[in-house]
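# Architecture at a glance
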Amino acid sequence: MKIVVVGGTGLIGSKLVTKLGEHGHEAVAAAPSTGVNTLTGEGLAEVLVGASAVVDVSNSPSFEEAAVLEFFETSTRNLLAAEATADVGHHVALSVVGTDRPPGNAYFRAKIAQERLIEKSSIPFSLVHATQFFEFVRRIADDATDGDKVRMAPVLFQPIAGDDVARAIGRVSVGTPLNGRVEVAGPEQFRMDEFFRDALASWDDPREVVTDPHARYFGAELLERSLVPDEGATLGEIRYRDWYGRNTAGK
């Protein structure tokens, strides 16, 4: 089947395109660099011809509140309209575990707006809610840095490898639309402050991780389970320690 992957040249999208191709599907990467722009609509009609499913794993280039909301609302509206015209039968979108739980941040609110547009459309859909990617943990640490200290809340944290995310999205995209959501997370659960204390030590990073119940995660204070899935989530297979070892071998 033909599956168009919006954001198909990015971290998750490129992995997904490869995995779908390995299973015999025609996976097409849609991104500005391939002539498809969901913000302007450029190239959408052409790339969707013959598509059975569209998978949106695109991300906003800015996390500023107005910009991120504008990105997800505009791109999603344009996508859904083009899909309706092309008679696409399945819209799959990657989102984040915890978007529907307080307290939220600007990014989470933008993802909620995106999901509402999808849920209200006439196109059968599936939402894949993932926890934080292993590939993203350095950015989390940097955002939490205050001088030479990294402030982290002692809440639950269950990050996942990008490969496991792509694998889960791939299975959903070739299946029957859920008209609902599925959650995916890593195989191990940690305390966030302890995870980053160990991670920074493994990076030989001199910053000190400070446990702070009021530490903010991209602007929002966290509750105990803000970032982890409910029971019944699909769990990945790759452990952080193994992933880190593979990605630093020979460096």
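An account of the accompanying structure is given in this report.

## Considering the packing of helix α1 (residues 11-22) against helix α6 (residues 162-173)
- Where α1 meets α6, the axes come as close as 9 Å, and the angle between the chain directions of the two elements is 55°. As far as their axial angle goes, α6 and α1 are oblique. In the packing of α1 onto α6, the handedness of the crossing is right-handed. Between α1 and α6, the residues in contact are Ile12, Lys15, Leu16, Lys19 and Leu20 and Gly162, Asp163, Val165, Ala166, Arg167, Ile169, Gly170 and Ser173, respectively.
- Residues of the contact of α1 with α6, tallied by class, amount to 6 nonpolar, 3 polar and 4 charged.

## Description of the side chain of Glu83
- Tracing the sequence through the fold places Glu83 in helix α3 (residues 65-86).
- One buried charged side chain, Glu83, makes no salt bridge at all; its nearest oppositely charged neighbour is Lys2, positioned 12 Å away.
- Excluding its chain neighbours within four sequence positions, the residues that come into contact with Glu83 are Leu48, Val54, Val88, His91 and Ile123.

## Some words on the sheet that holds strand β2 (residues 26-30)
- Ordered in space as β2-β1-β3-β4-β5-β9-β14, the 7 strands form an open sheet in which the pairing is parallel. Of all the strands in the sheet, just β2 and β14 (234-235) have a single pairing partner and so form its edges.
- Bridge count between strand β1 (residues 2-6) and β2: 5 bridges; the pairing is parallel. Directly across from Val4, in β2, lies its bridge partner Val28.
- Helix-sheet contacts for α1 involve β1, β2, β3 (53-56) and β4 (91-96), and the interaxial angle to β1 is about 170°.
- Across the face of the sheet, α3 comes into contact with β1, β3 and β4 while running at roughly 175° to β3.

## A look at the sheet that holds strand β11 (residues 208-211)
- Strand order in the open sheet made by the 3 strands is β6-β7-β11, with mixed pairing throughout. At either end of the open sheet lies a strand with only one pairing partner, and these are β6 (145-146) and β11.
- Relative to strand β7 (residues 149-152), β6 is paired through 2 bridges, and the arrangement is antiparallel. The partner of Asp146 across the bridge, within β7, is Lys149.
- Packing against the sheet, helix α7 (residues 192-202) makes contact with β7 and β11, and its axis sits at approximately 170° to β11.

## Remarks on the pattern of salt bridges
- Scanning the model with the defined rule gives 13 salt bridges in all.
- The closest approach of N and O atoms between Lys19 and Asp163, which form a salt bridge, is 4.0 Å. In this pair, Lys19 is assigned in helix α1 and Asp163 in helix α6, connecting sequence segments 144 residues apart.
- On the basis of relative accessible area, Asp163 is assigned to the partly exposed category, the value being 26%.
- Note that Arg151 is salt-bridged to Asp146, the shortest N-O span being 3.4 Å.
- Asp146 gets classed as partly exposed once you look at its relative accessible area, which sits at 46%.

## Focus on the environment of Val97
- Note that Val97 resides in the loop between β4 and α4 (106-120).
- The exposure class assigned to Val97 is buried, which follows from its relative accessible area of 1%.
- Between the C-alpha atoms of Val97 and Val128, which are 31 residues apart in sequence, the distance is 8.6 Å.
- Ignoring anything within four residues of it in the chain, the contact list for Val97 reads Phe108, His129, Ala130, Thr131, Glu183, Val184, Ser226, Leu227, Val228 and Pro229.

## With respect to the pairing of strand β9 (residues 180-185)
- Alignment of strand β5 (residues 125-130) against β9, held across 5 bridges, turns out to be parallel. Bridge pairing links Ala130 to Val184 in β9.
- Across 2 bridges, the pairing between β9 and β14 is parallel. The partner of Val184 across the bridge, within β14, is Thr234.

Cut-offs used in this document
Residues numbered from 1 in each chain as written. Predicted model: local features only at pLDDT ≥ 70, side-chain atom pairs only at ≥ 80, totals over all residues. Heavy atoms only, no water. Axes fitted to C-alpha atoms, helices over the stretch in contact; angles between N-to-C directions. Helix = DSSP H or I, 4+ residues; strand = E, 2+ residues; numbered from the N terminus. Parallel < 35°, antiparallel > 145°, perpendicular 65-115°, else oblique. Left-handed = near helix turned anticlockwise from the far one by under 90°. Contact = heavy atoms within 4.5 Å. Nonpolar A, V, L, I, M, F, W, Y, C, P; charged D, E, K, R; others polar. Buried < 20%, exposed > 50% of the residue type's maximum accessible area, 1.4 Å probe, protein only. Lys, Arg positive; Asp, Glu negative; His and termini not counted. Salt bridge = Lys/Arg side-chain N within 4 Å of Asp/Glu carboxyl O. Pairing = 2+ DSSP bridges.

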